[in-house]
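These are the residues of each chain, in order.
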Amino acid sequence: MKALFTFFFVITIGTISLQAQTKDTVYMITRDTVYLQQKTKFPPIKAELGVVVGTPSGVNLTSAIHANDFIFRLTGMYLPTIYGLQADFGYKFSESDETYHAITLAGGVSRFETSNDYDYYYHYQLYDYWDYVGLNYMLNTRGFLFAIGLSAGSGTFPSPQLLIQVGYSYQFR
């Protein structure tokens, strides 16, 4: 029994010592050969540019700048009857080759034209509006962007309001 324990101990220590690892290369010992396996590295995302549907103005242009684990995104559009702008600042808590997840703090404004009245001398435009701050979860995988969150603010809409964006945002590396 003592010999069997010693044999397994020597085999375990020998196996561990044969598997040497460095920062970029993993050495794998197989029965017949020794080969090198490179760790997969991916270039970080530097910026994004795309189009999304949702808040703040229905159809929006979006752009983002990435700085390590942080992200700054501007989303908005000006159309004749609806316009808005939203700024997000967040933290990417997970990033892989083509996907990242982030939590962002958002602030924005939305305006929706509800009526367009003309008087003899004056032109009246009435708007529903929403000025808000909120918290978003953001997912971008292979350019497909999905963001959902809640906002609180002031305006003609009740608080809280749902923030949602779905679209495509190309990742520049």
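Because the structure is predicted, anything quoted here is derived from the model rather than measured. (Residues numbered from 1 in each chain as written. Predicted model: local features only at pLDDT ≥ 70, side-chain atom pairs only at ≥ 80, totals over all residues. Heavy atoms only, no water.)

Colleague: Provide a residue-level description of the pairing of strand β4 (residues 58–67), including the pertinent values.
Modeller: Pairing geometry for strand β3 (residues 47–54) and β4, over eight bridges, is antiparallel. Considered in β4, the bridge of Val-52 is made with Asn-60. Bridge count between β4 and strand β5 (residues 70–78): seven bridges; the pairing is antiparallel. Bridge pairing links Ser-63 to Leu-74 in β5. Counting the residues in the hairpin turn of β4 and β5 gives two residues, including Asn-68, whose phi is positive at 55 degrees. (Pairing = 2+ DSSP bridges. Helix = DSSP H or I, 4+ residues; strand = E, 2+ residues; numbered from the N terminus.)

Colleague: Now, about the confidence of the model for the protein chain: what can you tell me, with residues and values included?
Modeller: The share of residues in the protein chain with pLDDT of 70 or more is 74%, and the mean pLDDT across the chain is 82. When pLDDT is averaged over each helix and strand of the protein chain, the minimum, 53, is found for strand β2 (residues 34–38) and the maximum, 96, for β3. Counted against residues more than four places away or in other chains, residues 18–23, with its pLDDT under 50, gives seven contacts. (pLDDT = per-residue confidence, 0-100. Contact = heavy atoms within 4.5 Å.)

Colleague: I'd like a rundown of unusual backbone geometry, residues and numbers included.
Modeller: For the bond running from Thr-55 to Pro-56, omega is 10 degrees, close enough to zero to count as cis. Looking at the secondary structure, you find Pro-56 in the loop between β3 and β4. The step from Ser-159 to Pro-160 runs through a cis peptide bond, and the omega angle for that step is 5 degrees. Non-glycine residue Asn-68 carries a positive phi angle of around 55 degrees. By the element assignment, Asn-68 lies in the loop between β4 and β5. Non-glycine residue Arg-142 carries a positive phi angle of around 55 degrees.

Colleague: Outline the pattern of salt bridges, supporting the account with residue identities and numerical values.
Modeller: For the structure on display, the rule yields four salt bridges. A salt bridge links Glu-98 to Arg-142; its shortest N-O distance comes to 2.6 Å. Of the two residues, Glu-98 sits in the loop between β6 (82–95) and β7 (99–118) while Arg-142 sits in the loop between β8 (123–141) and β9 (144–155), which places them 44 residues apart along the sequence. Given the relative accessible area of 64%, Arg-142 is considered exposed. Residues Arg-111 and Asp-131 are paired through a salt bridge, measuring 2.9 Å at the closest nitrogen-oxygen approach. Note that Arg-111 is positioned in strand β7 and Asp-131 in strand β8, a separation of 20 residues in sequence. Asp-131 sits in the partly exposed class, given a relative accessible area of 25%. (Salt bridge = Lys/Arg side-chain N within 4 Å of Asp/Glu carboxyl O. Buried < 20%, exposed > 50% of the residue type's maximum accessible area, 1.4 Å probe, protein only.)

Colleague: Quick one: what's the story with the environment of Ser-169, residue by residue and with numbers?
Modeller: Relative to the helices and strands, Ser-169 is located in strand β10 (residues 161–172). As a C-alpha pair, Ser-169 and Ala-64 span 105 residues in sequence and 8.9 Å in three-dimensional space. Those residues in contact with Ser-169, other than ones at most four positions away along the chain, are Glu-48, Leu-49, Gly-50, Thr-62, Arg-73, Asn-140, Gly-143 and Leu-145. A distance of 2.7 Å separates the side chain of Ser-169 from the side chain of Glu-48, its partner in a polar contact. (Polar contact = N/O pair within 3.5 Å; in protein donor to acceptor, adjacent residues only side chain to side chain.)

Colleague: I'd love a proper account of the pairing of β6, names of residues and values included.
Modeller: Looking at chain direction, β5 and β6 are connected through nine bridges and run antiparallel. By the bridge assignment, Phe-72 is partnered in β6 with Phe-89. Turn length for the β5-β6 hairpin, with the two strands adjacent in sequence and antiparallel, is three residues.

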